[in-house]
Amino acid sequence: MIKAILVFNNHGKPRLSRFYQYYPEDMQQQIVRETFHLVSKRDDNVCNFLEGGTLIGGSDFKIIYRHYATLYFVFCVDSSESELGILDLIQVFVETLDKCFENVCELDLIFHVDKVHYILAELVMGGMVLETNMTEIITRIEEQNKLEKSEKAKLDGTPVLIQTYETLDLSILNELREKIAKM
């Protein structure tokens, strides 16, 4: 099971932290600091797996990470998780972020934190892996974006235009016909 997902920059500033096990706020900050110190002092050409630190659960837990440009993507997991499976999950997460933000960078994580959490929720929920198929994840994100645009259009008072016939539900299509007829 995944206990925590952390993303921090080269200076140890957390850009994303998601804990799937309860820890008090001060303990979470200590975990981020300890994890950063464990991971950042390692060479780039060494293994991406570590035994867990003293705070996150000791030797029964593993820290699996990847370093991309200025960001560390760290998954803290228990011994039941596959190291290679988690490395693949990190890769899927980063590639999905890259597709959604077109060359993801640290600023995207800062200014679009809600979208990053939504993407993460499509991958992992409650510490369990939900989806690893990037095409499926991207499809769900596009559906969410369409829904947000539709809701924004309703709030702005502008009529919602039909974007694609295939994605519309028949009840929505009938509702749109009635609105057009009333105009």
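That block above? That's the structure.
Residues numbered from 1 in each chain as written. Predicted model: local features only at pLDDT ≥ 70, side-chain atom pairs only at ≥ 80, totals over all residues. Heavy atoms only, no water.

## A few points about the overall build of the chain
Right, so step 1: The secondary structure content of the chain amounts to six helices and seven strands.
Right, so step 2: Put simply, the chain runs from its N terminus to its C terminus through helices and strands in the order β-β-α-β-β-β-α-α-α-β-β-α-α.
Right, so step 3: Of the contacts formed within the chain by residues at least 6 apart in sequence, a portion of 48% connects residues at least 24 apart.
Right, so step 4: Here the chain displays about 11100 Å² of accessible surface, and carbon together with sulfur accounts for 53% of that area. (Helix = DSSP H or I, 4+ residues; strand = E, 2+ residues; numbered from the N terminus. Contact = heavy atoms within 4.5 Å. Areas by Shrake-Rupley, 256 points an atom, 1.4 Å probe, with all protein chains shown as cover.)

## As for the packing of aromatic side chains
Right, so step 1: Counted by the stated rule, this structure contains six aromatic pairs.
Right, so step 2: With 5.5 Å between their ring centres and 85° between their planes, Phe 8 and Phe 36 make a pair best called edge-to-face. In this pair, Phe 8 is assigned in strand β1 (residues 2–9) and Phe 36 in helix α1 (residues 25–40), connecting sequence segments 28 residues apart.
Right, so step 3: For Phe 36, a relative accessible area of 12% translates into the label buried. (Phe/Tyr/Trp six-rings, centres within 6.5 Å; stacked < 30°, edge-to-face > 60°. Buried < 20%, exposed > 50% of the residue type's maximum accessible area, 1.4 Å probe, protein only.)

## A word on the sheet that holds β1
Right, so step 1: Taken in spatial order, the five strands line up as β2-β1-β5-β4-β3 in an open sheet, and their pairing is antiparallel. Bordering the open sheet on either side are β2 (14–19) and β3 (49–51), each of which pairs with just one other strand. The mean inter-strand angle of the sheet, taken between neighbouring strand axes irrespective of direction, is 15°.
Right, so step 2: Alignment of strand β4 (residues 61–68) against strand β5 (residues 71–78), held across eight bridges, turns out to be antiparallel. Residue pairing in the sheet places Ile 63 in a bridge with Cys 76 of β5. (Pairing = 2+ DSSP bridges. Axes fitted to C-alpha atoms, helices over the stretch in contact; angles between N-to-C directions.)

## Describing the pattern of salt bridges
Any two side chains of opposite charge can pair, given that their charged atoms come close.
Right, so step 1: Counted by the stated rule, this structure contains five salt bridges.
Right, so step 2: As a salt-bridge pair, Glu 143 and Arg 140 come within 3.0 Å of each other at their nearest N and O atoms. One end of the pair is Glu 143 and the other is Arg 140, both in helix α5 (residues 134–156) and three residues apart, which spans about a single turn.
Right, so step 3: On the basis of relative accessibility, which here comes to 44%, the residue Glu 143 falls in the partly exposed class.
Right, so step 4: Assessed through its relative accessible area of 29%, Arg 140 is described here as partly exposed.
Right, so step 5: Of the charged contacts in the structure, one is a salt bridge between Lys 154 and Glu 151, with a shortest N-O distance of 3.9 Å. In this pair, Lys 154 and Glu 151 are both assigned in helix α5, three residues apart and thus about one turn of the helix distant.
Right, so step 6: In this structure Lys 154 comes out as partly exposed when scored by relative accessible area, which is 45%.
Right, so step 7: Among the ionic contacts, a cluster of salt bridges with common partners joins Glu 136, Arg 140 and Glu 143. (Salt bridge = Lys/Arg side-chain N within 4 Å of Asp/Glu carboxyl O.)

## Looking at helix α2 (residues 83–101)
Right, so step 1: Counted at 1.5 Å a residue, the expected span for α2 with its 19 residues is 27 Å, and the 27 Å between its end C-alpha atoms agrees.
Right, so step 2: Those residues of α2 that fall on the buried side of the exposure criterion are Ile 86, Leu 87, Leu 89, Ile 90, Val 92, Phe 93, Val 94, Thr 96, Leu 97, Cys 100 and Phe 101.
Right, so step 3: Directly beyond the C-terminal end of α2, a positive phi value near 50° is found at Glu 102. (Expected span 1.5 Å × (residues − 1).)

## What to know about unusual backbone geometry
Right, so step 1: Positive phi is not limited to glycine here, since Glu 102 has a value of about 50°.
Right, so step 2: Turning to its location among the elements, Glu 102 is positioned in the loop between α2 and α3 (106–111).
Right, so step 3: Here Glu 102 falls in the exposed class, since its relative accessible area comes to 67%.
Right, so step 4: Backbone geometry places Asn 103, a non-glycine residue, at a positive phi of 65°.
Right, so step 5: The residue Asn 103 is located in the loop between α2 and α3 in this model.

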